[in-house]
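Per-entry structural report
The residues making up each chain are set out below.
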There are 2 protein chains.
Amino acid sequence: MRNQDIEKLLSGADTVVPETEFRERIASGPLRVKLGLDPTAPAVTLGWAVVLRKLRQFQELGHTAVLIVGDFTAQVGDPSGKSDTRVRLSASEVRGYAESVLEQFSRVLLPEPLEIRYNSEWLGALAMADVLELTSKVTVAQMLEREDFRTRFDANRPISAMEFMYPLLQGYDSVVVEADVELGGSDQLWNNMMGRVLMERYGKQGQMVLTMPLLVGTDGAQKMSQSLGNYIGITDDPADMFGKIMSIPDHLMPSYFELLTDLPPAEWSDRVVSDPAQAKRRLAREIVGFFHDASAAGEAETAFDRVFREGRIPDDVPEIELTAEDPVYLPALMSEAGLTDSNSEARRLLAQGAVKVDGNRVADESIPRSELVGRTLQVGKRRFVALR
Amino acid sequence: MRNQDIEKLLSGADTVVPETEFRERIASGPLRVKLGLDPTAPAVTLGWAVVLRKLRQFQELGHTAVLIVGDFTAQVGDPSGKSDTRVRLSASEVRGYAESVLEQFSRVLLPEPLEIRYNSEWLGALAMADVLELTSKVTVAQMLEREDFRTRFDANRPISAMEFMYPLLQGYDSVVVEADVELGGSDQLWNNMMGRVLMERYGKQGQMVLTMPLLVGTDGAQKMSQSLGNYIGITDDPADMFGKIMSIPDHLMPSYFELLTDLPPAEWSDRVVSDPAQAKRRLAREIVGFFHDASAAGEAETAFDRVFREGRIPDDVPEIELTAEDPVYLPALMSEAGLTDSNSEARRLLAQGAVKVDGNRVADESIPRSELVGRTLQVGKRRFVALR
């Protein structure tokens, strides 16, 4: 492998452990590059895209992407019921999420070399004797080296003994698929290094670990995540994606350019300071262009200009037919039209002044039918319907 | 149940938790009284007998003895290979030890009410999902409350994550057999309380725990145990058992009287001070009488007097025929005659001056045949053969 290819694989990485070993093994032949995914939610965010783009770079150089679908743990959930974030899912829900996630991954990854494995295949088959062997490979002190465990332990906050099991299971995945490298976000460094330790304890060559920086969400403060709502989905439609990228704080631009585009720093590093608005527009075009295509990006930009710069209502607004109901109960209308997810969200947006009819703010939940027919209902900055 | 019966069950106990609940539940009907045993060695010591005698008291009052044979963990062993004391045993070895131990238990316990369960029945059937549920029931901090874990943790000595599993499995046994009480030595208090915690987490009524004091071994210092060699086995022949009891330090007599005989303190508490030799003789007769019978105890005492007080060679010494070999290699003779376990033990005893021919110490390993024929070979204080 050429030196410049190795440098490309290392570029943007947060950590590569151990780096010398990585340079040697990557040069000596095709590797198996593992990435685990938890099928517990349907969307894939731009945060994921950071790691997926890196995995694709490996594929482009002939290395095999090994996707591990964590269907076993998703089905098991957290039996303690203490965690709100991890619930027990049915087998069909998990399959559904897995299919959705894999379909979205395929928008970034190459169709080959690619291997997809479901970890229920081996974790579901583990017997108690295997579990005892697995747990014999590590010490309690090693587990407590993980920062969040240590912090909670020192603060006398509970750590379920079960939580010790998850990193072991994730590491066991690496033992089974014989990973050479495991990719992940930088918050996965410890877990992935546990995989290296376990592989060695099982008499195999330990995997190397490459982590990518965590993408900060549209709020400019926290890691992009579905549960925080500060995310951009890789299947968001072009206009939505364009608009959301235009809404990120200026200080995030360098990391987005570096982690989500192929543009060399020379093309954006000065511009983000001298003309942040234009730089952000370029960023949005690049990202939308990657996940859709250049013409979709162009159209999204045009639509964006019309709405935000010119204050006009976009073309191609979907139409909906009002029923005979009079007055019209707006929350029901908005949620049925898909402008909001629920009546309660609609009521909240009305109360916040985020709802307009032909550009004029409305606050009442019930409006005479005559004041709506033939007008445009707008929710937030980017959601419109024409009322007939 | 009569109050005096409850007091009898509580007598001699180290700890009863919780005592008020115990008094209530024991009075309300027959209970299931669990005792776990690890079939990893063939002998049952007088230390075990302390707990078995307590279990028999429960049986005599109509409660069911539930013996849990830990065949699962004995077969699994310690996969880390770090511990010398716990080795992986084959299924047939475990069955063999279990049969031997149960046969010896039957010398103390009543044939009913008695239930014998092998924990491979349920532990062998646990799947990974069950293990995760089990581990979700406790926290890491709870596990580290166990004194030996805490001590090692604080001293930075390793605790395998697997070691956390064993108390959980032992507690899971209680969940499955729905124990009302678990018996054990006082060193089992924490493990048995973990069983109570787990039963409650699984929505069952938690077991109560009754522990007995640990019997000190013949060395007068450490817990009686097979691995320390300071033990008296309940199947030792009467003469051996009598002799070993006569060898215990005087200060152990009160605990032996209390834990291994039914004699009320009035019968021995003054005597152990005023005439310890007679008191110990009484103790030995009682214990040998329990595990064999009164006449065996009487014969053992007579033989003891002959050998130790009168310095004479006992009657009924087994005879062995010398081969034509000349000179005779004593270590081989001794080990073949069963006086020692090996040639090397025989050589060591010769070097220590523990071997006599017709009462005269010998040190040479090879002795002319003519100096042995028709004489008595003695090893230590109690092993004799007549040489023909």
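Residues numbered from 1 in each chain as written. Chains lettered and ligands numbered in written order. Predicted model: local features only at pLDDT ≥ 70, side-chain atom pairs only at ≥ 80, totals over all residues. Heavy atoms only, no water.

**Some remarks on the overall build of chain A**
Secondary structure assignment for chain A yields 18 helices and 13 strands. Taken along its principal axes, the extent of the C-alpha atoms in chain A is 75 × 50 × 40 Å. The buried share of chain A, reckoned over its 388 residues, is 48%. With an accessible surface of roughly 17,600 Å², chain A has 46% of that area assigned to carbon and sulfur atoms. Between the centroid of the 43 positive side chains of chain A and the centroid of its 59 negative side chains there is a distance of 2 Å. (Helix = DSSP H or I, 4+ residues; strand = E, 2+ residues; numbered from the N terminus. Buried < 20%, exposed > 50% of the residue type's maximum accessible area, 1.4 Å probe, protein only. Areas by Shrake-Rupley, 256 points an atom, 1.4 Å probe, with all protein chains shown as cover. Lys, Arg positive; Asp, Glu negative; His and termini not counted. Charge placed at Lys NZ, Arg CZ, Asp CG, Glu CD.)

**Comments concerning unusual backbone geometry**
Residues and elements named next belong to chain A. With an omega dihedral of 0°, the bond running from D326 to P327 counts as a cis peptide bond. Looking at the secondary structure, you find P327 in the loop between β7 (319-320) and β8 (328-329). One non-glycine residue with positive phi stands out, namely E178, at about 50°. Take E178: it is sitting in the loop between α10 (165-177) and β5 (181-185).

**Digging into the packing of aromatic side chains**
Residues and elements named next belong to chain A. Counting across every chain of the model gives 15 aromatic pairs over all chains. Ring geometry for W48 against F105: centres 5.3 Å apart, planes inclined by 50°, an arrangement best described as tilted. Residue W48 is located in helix α3 (residues 46-60), and its partner F105 is located in helix α5 (residues 91-105); the two are separated by 57 residues in the primary sequence. Taking the relative accessible area as the measure of exposure, F105 reaches 1% and is therefore buried. (Phe/Tyr/Trp six-rings, centres within 6.5 Å; stacked < 30°, edge-to-face > 60°.)

**Structural notes on the interface of chain B and chain A**
Every contact between the two is made by 30 residues of chain B and, on the other side, 31 residues of chain A. At the boundary of chain B and chain A, one finds zero salt bridges. For the pair chain B and chain A, the interface holds eight residue pairs in polar contact (both at pLDDT 80 or more). Every element with two or more residues in the side of chain B that touches chain A is listed here: α4 (71-76), α7 (128-135), α8 (140-143), α9 (147-154) and α10 (161-177) of chain B. Looking at side-chain class alone, the side of chain B that touches chain A contains 23 nonpolar, five polar and two charged residues. (Contact = heavy atoms within 4.5 Å. Salt bridge = Lys/Arg side-chain N within 4 Å of Asp/Glu carboxyl O. Polar contact = N/O pair within 3.5 Å; in protein donor to acceptor, adjacent residues only side chain to side chain. Nonpolar A, V, L, I, M, F, W, Y, C, P; charged D, E, K, R; others polar.)

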